[in-house]
Amino acid sequence: MIWYSKEDVERLEAQSKGKEPSVGHRNSKLKIASLDIAKKSTVFRKAMRFALDKKRKLGYKQHTNNIKTDPKVVLFSTFDGRAYGDSPRAIYEYMLSDERFDDYTFVWVFRNPIEYKFLCENKNTYIVKPFTPQYEKACATAKYWLFNYRISDHIYPKDDQVYVQLWHGTPLKRLGYDIEISDNVMNSQKEIRAKYKIDAAKFKYILAPSEFAGEKFTSAWNLKEFGKEDSVLVAGYPRNDFLKTFTPEDAEKVKADLGLPEGKKVILYAPTWRDNQHNSEMGYVYSVEADFDRLREELSDEYIILFRAHYLVANSFDFNKYSGFVYDVSKVGDINRLYIISDMLITDYSSVFFDYANLGRPIVFYMYDFDAYATNIRGFYIDVSELPGKIVKTTDDVISEIKSIDFNSFDFDKEYPHFRPKYNYLDDGGASARVVNAVIK
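Residues numbered from 1 in each chain as written. Predicted model: local features only at pLDDT ≥ 70, side-chain atom pairs only at ≥ 80, totals over all residues. Heavy atoms only, no water.

*Asks:* Describe the overall build of the chain, with residues and values.
*Replies:* Secondary structure assignment for the chain yields 17 helices and 15 strands. The 441 residues of the chain split such that 53% are buried. In the chain, once contacts between residues fewer than 6 apart in sequence are set aside, the share between residues at least 24 apart is 70%. For the chain, the computed accessible surface area is about 20500 Å², with 48% contributed by carbon and sulfur atoms. (Helix = DSSP H or I, 4+ residues; strand = E, 2+ residues; numbered from the N terminus. Buried < 20%, exposed > 50% of the residue type's maximum accessible area, 1.4 Å probe, protein only. Contact = heavy atoms within 4.5 Å. Areas by Shrake-Rupley, 256 points an atom, 1.4 Å probe, with all protein chains shown as cover.)

*Asks:* Could you give me a rundown of the pairing of strand 1 (residues 70-77), with the residues and numbers involved?
*Replies:* For a regular strand, side-chain orientation follows a simple rule: the groups alternate between the two sheet faces. Pairing geometry for strand 1 and strand 4 (residues 142-147), over five bridges, is parallel. Paired with Phe76 across the strands is Leu146, a residue of strand 4. Strand direction decides the pairing type here: strand 1 and strand 2 (residues 105-109), joined by four bridges, are parallel. If you follow Phe76 over to strand 2, its bridge partner there is Trp108. Note on the crossover from strand 1 through helix 4 (residues 86-97) to strand 2: the handedness is right-handed. (Pairing = 2+ DSSP bridges. Right-handed = clockwise from strand over helix to strand, strands pointing away.)

*Asks:* Any chance you could break down the pairing of strand 14 (residues 363-366) for me, citing the residues and the numbers?
*Replies:* Neither face of strand 14 is exposed, since Ile363 and Phe365 on one face and Val364 and Tyr366 on the opposite face are all buried. When strand 13 (residues 344-347) meets strand 14, the two strands line up parallel, connected through three bridges. By the bridge assignment for strand 14, Thr347 is matched with Phe365. Both strand 14 and strand 15 (residues 390-392) contribute to a ladder of three bridges, which runs parallel.

*Asks:* Give a detailed account of the layout of surface pockets, specifying residues and quantitative values.
*Replies:* The gaps of empty space that remain are located by a probe, the size of a water molecule, rolled over the atoms. In this structure, the second largest pocket spans a volume of roughly 220 Å³. Taken together, 15 residues line the second largest pocket, and the ones lying closest to its centre are Ala90, Glu93, Pro238, Asp241 and Phe242. When contributions to the lining of the second largest pocket are tallied by element, the ones reaching two or more residues are helix 4, helix 8 (242-245) and helix 11 (336-339). Sorting elements by how many residues they give to the lining of the second largest pocket places helix 4 first, with five residues. Its residues placed into classes, the lining of the second largest pocket shows four nonpolar, four polar and seven charged. (1 Å grid on protein atoms, 1.4 Å probe; cavity = no way out; pocket = protein on both sides within 12 Å on 5 of 7 lines; lining within 4 Å. Points joined across faces, edges and corners; volume = space filled by probe spheres on them. Nonpolar A, V, L, I, M, F, W, Y, C, P; charged D, E, K, R; others polar.)

*Asks:* Could you give me a rundown of the sheet that holds strand 1, with the residues and numbers involved?
*Replies:* Overall, parallel pairing links the seven strands, which are arranged 3-2-1-4-5-6-7 in an open sheet. Each edge of the open sheet carries a strand with a single partner, namely strand 3 (125-128) and strand 7 (232-234). Going across the sheet, the axis of each strand differs from the next one's by a mean of 25°, ignoring polarity. One ladder, built from three bridges, connects strand 6 (residues 205-208) with strand 7; its direction is parallel. Pairing of Leu207 across the sheet is with Leu233, part of strand 7. This element, helix 17 (residues 431-439), spans strand 4, strand 5 (162-165), strand 6 and strand 7 of the sheet and lies at about 165° to strand 6. (Axes fitted to C-alpha atoms, helices over the stretch in contact; angles between N-to-C directions.)

*Asks:* Just give me the short version of the sheet that holds strand 15, but keep the residues and values in it.
*Replies:* Strand order across the open sheet formed by six strands is 12-11-8-13-14-15, with parallel pairing between neighbours. Two strands close off the open sheet at either side, each with one partner strand: strand 12 (326-328) and strand 15. Within this sheet the neighbouring strands show an average axis-to-axis angle of 25°, counted without direction. The sheet contact formed by strand 11 (residues 303-307) and strand 12 spans three bridges and is parallel. Across the sheet, residue Leu306 finds its bridge partner in strand 12, namely Tyr327. With respect to the sheet, helix 10 (residues 292-299) is in contact with strand 8 (265-270), strand 11 and strand 12, its orientation differing from that of strand 11 by roughly 150°. Sheet contacts for helix 14 (residues 395-404): strand 8, strand 11, strand 13, strand 14 and strand 15; angle to strand 15, the most-contacted strand, approximately 150°.

Below, the structure written as structure tokens:
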């Protein structure tokens, strides 16, 4: 068998015991030196990537030569193997519950298989590890690829395979071909567009949660030029089905699992990453700009904060100083579980607010670097006057805005009557079924 069963994962776990625990991703000294040069030299960066891509394509061909496509194998990946969540999870769980797929095989991609061995308890479910020959063989075998992030450039679907690009959010910040000025330390504008061109050539469908998102995905992936406008599937995000169907018991279980105190309101703080913050040893990093000393001083009697870093952010955060007030929940795989227990959301340029709006709860936009982000890094798809919450630029303004909220009388649709009808009209609990019925033949 080319993928891991429960016994295989348990064998890996046994082999790992006694070894030093991993402290997160670290690049080798040679790779660090190469990345440092790549940041400074576009010519070197392109040459390095060309050579690596050529080597990987050759390896993929060797590993997958003569492998036939199995029409009843589905391959799932969330954030390139970093988590079990988002729309791949929602679709997988829907298919598990549908007797039409009782004889299908489900394969999940995880960077740390041991952490997710519980999935192998489910029927017909297996695991593979990315960047391995087994993973590439799984790609060559599966009829359906359900990914919410770009698949590696060197892996291409065969004519009888269906790659569904589920993506991972309604875009506020510009993507792909729409980025006019990019202060990205690892990719020029031309390089970013090349990556999106490669992805567009591969997918059969790209999922959009609304007509608005569908229009932006069409331009971001330049689909008109490639004659692929029909690949946009406007069906809603399966991940948001849970936001329509969860129960109070679900929320209580999440709070208990996280060990959160009773009797305090919960603030979810979920900032996005910055294209211009990169460490050659670790990858993209995030510099926390909020003043947690001030926040604790002013809010700790009534609130706790859940800090959720973006999945691309590689650095860890030490909140021991704020024990009992700040909880680092960056490792929670499915952010939906954090949404349902939060009384309000603080974010910046992340797409999380589009999904959180389904709950009708208060949102604050802490955009301390607004001018730089809007003009030098990404730029936006919508006018910020449409945002369903106030923009603040200092910690003191964050505190003031939180204290001004009357949670008992807050009415999202009265405050922002046009937001949910434009962006959330397909979040009705039925997106998983629509997507499966559209793409699984």
